[in-house]
Amino acid sequence: MKLWRDTFKAGIAAAAMALLPVSPAAAAEAPGLQTNQGYVEESLAAHQLDPADPEAVLAFVLASLPDKVKVYPTENYFYFGFVLNGIRWAGNLRFDVETRDAGKVHMTYFKEFTQWQRDDKDVTVIWDATRGVTVKKVADLAYTVTFRDRTVTFQLNDLRSVKPPEGVVREGEKYLGPMFDESGIRFFLVFDPVAKVFMYVLDETVPTPDEFFEAEEAPGVSIGRRTGFAFIKDKFAPRKILVGVSAANTATNNYLDGPFDQLPDNFLEGNALLDAILAVSPELAGTLDRFGNSEDDTVRYLIAPYMQYEEAGELSMFADCADSEPLPFHYACFSLGPYPDDGGSEEAYGGEGNPPPDEGQAEPAR
């Protein structure tokens, strides 16, 4: 079982019309129309941008943005994408919680992954004043990035006031913080110290931008039509727990690949996350910081207890286990590991920008 993930997520650009954030006012209006004509003409257009020149790409990104944008995901990635001579590129600017106040912003971009190809070569740069880029904190959770004659303000997502409703976190469990996934779905990150499992609990205090159905092959499991996120309704608490994400989305590293890469970095209290990680993997004591990063800051502890499913029928195992497994280890039904008794592994997977490793279809721990 592999325990690590990369310290940043690259992400796949959505359709061109979805690259910039939508304001609350615009959200109340009629939807934007996307056409095949627009897709074809975007693919046919010829451009001069040199992807081997990161300064040119940064200048292009900043020039293409409005003066102020919002960074929704809670690991502080601002995702972008563009089509260059028919090829779609994906990337992000990341305002890392440990380096942004030191005047640094991380950038990575690469040819987007598809199910039929994966070009692992990416361009990664940490920008700061030594490279001609000024990153300045201008307000609480707000930063400006200035390069050449262009400045953009990036407002990070302030979820400090978000708390789970009464009863959503059971007695004895640890609430670690609120999460906003790049899919647009919000979660509460919860840790059960008895079963030693992490849980991504759906935040239902706000409307969920998806429509759910129950597949015949997996009774008791609700699947999002847009996201493919699969949830099971908890019979001991008023909440829904994430138990599956589409393996196809994980393989292409897109916006719907699961919330493993959007932990509540801005809202973690002290060593709460580290303590939970070490409860599961005590052999890592002394090797991680409070965010679960390795000593050399190249990989981060992987929290992906859910299944990467290919067919909906695979998800039936969660409901079957939940129906038969009593407390206190009932919640181990909703996690595929790692577990404290499986030996673990400290192997880092893949290269930068890769999706998390396939955790397989092992039975939930009992």
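We now turn to the structure provided with this report. Predicted model only: the values in this text are computed from it and were never measured.

## Here's the deal with the overall build of the protein
Okay, step 1: The number of helices and strands found in the protein is 6 helices and 18 strands.
Okay, step 2: Within the protein, the proportion of its 366 residues that are buried is 52%.
Okay, step 3: Considering only contacts within the protein whose residues lie at least 6 apart along the sequence, 62% involve residues at least 24 apart.

## Some points on the pairing of strand E7 (residues 133-139)
Okay, step 1: By the bridge criterion, 6 bridges tie E7 to strand E8 (residues 142-147) in an arrangement that is antiparallel. From the neighbouring strand, Val133 faces E8, where its bridge partner is Phe147.
Okay, step 2: The hairpin formed by E7 and E8 contains 2 residues between the paired strands, and Leu141 there has a positive phi angle of roughly 60°.

## Remarks on the environment of Leu327
Okay, step 1: Mapped onto the secondary structure, Leu327 falls in the segment after helix H6 (316-324).
Okay, step 2: Taking the C-alpha atoms as reference points, Leu327 and Phe236, separated by 91 residues in sequence, lie 9.2 Å from one another.

## Brief notes about the pattern of salt bridges
Okay, step 1: Inspection of the entire model under this criterion finds 18 salt bridges.
Okay, step 2: The salt bridge partner of Asp119 is Lys111, with a shortest N-O separation of 3.9 Å.
Okay, step 3: In this structure, Lys121 and Asp119 form a salt bridge, with 3.0 Å as the shortest nitrogen-oxygen distance.
Okay, step 4: One salt-bridge network, in which partners are shared between bridges, spans Glu75, Arg94, Asp96, Asp265 and Arg300.

## Topic: the packing of aromatic side chains
Okay, step 1: Applying the stated criterion to the full structure yields 19 aromatic pairs.
Okay, step 2: Taken together, a centroid distance of 4.7 Å and an interplanar angle of 40° make the contact between Phe110 and Phe113 tilted.
Okay, step 3: Given the relative accessible area of 3%, Phe110 is considered buried.
Okay, step 4: For the cation-ring pair, Arg118 lies above Phe113, with the distance from its terminal atom to the ring centre recorded as 4.0 Å.

## Comments concerning the sheet that holds strand E4 (residues 87-94)
Each strand in a sheet pairs with its neighbour through backbone hydrogen bonds, running either in the same direction (parallel) or in the opposite one (antiparallel).
Okay, step 1: Taken together, 4 strands build an open sheet; the order of strands is E3-E4-E5-E6 and the sheet is antiparallel. For this open sheet the edge positions go to strand E3 (77-84) and strand E6 (122-127), each flanked by a neighbour on one side alone. Sheet twist, expressed as the average angle between the axes of neighbouring strands with direction ignored, equals 15°.
Okay, step 2: Here E3 runs beside E4; their pairing, made up of 8 bridges, is antiparallel. Bridged to Gly81 within E4 is Ala90.
Okay, step 3: In the packing of helix H3 (residues 54-64) onto the sheet, contacts are made with E3, E4, strand E5 (105-111) and E6, and the angle to E6 comes to roughly 75°.

## A short note on the sheet that holds strand E2 (residues 68-71)
Okay, step 1: The sheet built from 4 strands is open, its strands ordered E2-E9-E8-E7 with mixed pairing. Two strands close off the open sheet at either side, each with one partner strand: E2 and E7. Averaged over all pairs of adjacent strands, the angle between their axes in this sheet comes to 25°, without regard to strand direction.
Okay, step 2: In this structure, E2 lies alongside strand E9 (residues 150-156), joined through 4 bridges in parallel fashion. When the bridges of E9 are listed, Lys68 appears paired with Thr153.
Okay, step 3: Of the strands in this sheet, E7, E8 and E9 touch H3, which is tilted by about 125° from E8.

The rules behind the values
Residues numbered from 1 in each chain as written. Predicted model: local features only at pLDDT ≥ 70, side-chain atom pairs only at ≥ 80, totals over all residues. Heavy atoms only, no water. Helix = DSSP H or I, 4+ residues; strand = E, 2+ residues; numbered from the N terminus. Buried < 20%, exposed > 50% of the residue type's maximum accessible area, 1.4 Å probe, protein only. Contact = heavy atoms within 4.5 Å. Pairing = 2+ DSSP bridges. Salt bridge = Lys/Arg side-chain N within 4 Å of Asp/Glu carboxyl O. Phe/Tyr/Trp six-rings, centres within 6.5 Å; stacked < 30°, edge-to-face > 60°. Lys NZ or Arg CZ within 6 Å of the ring centre and 35° of its normal. Axes fitted to C-alpha atoms, helices over the stretch in contact; angles between N-to-C directions.

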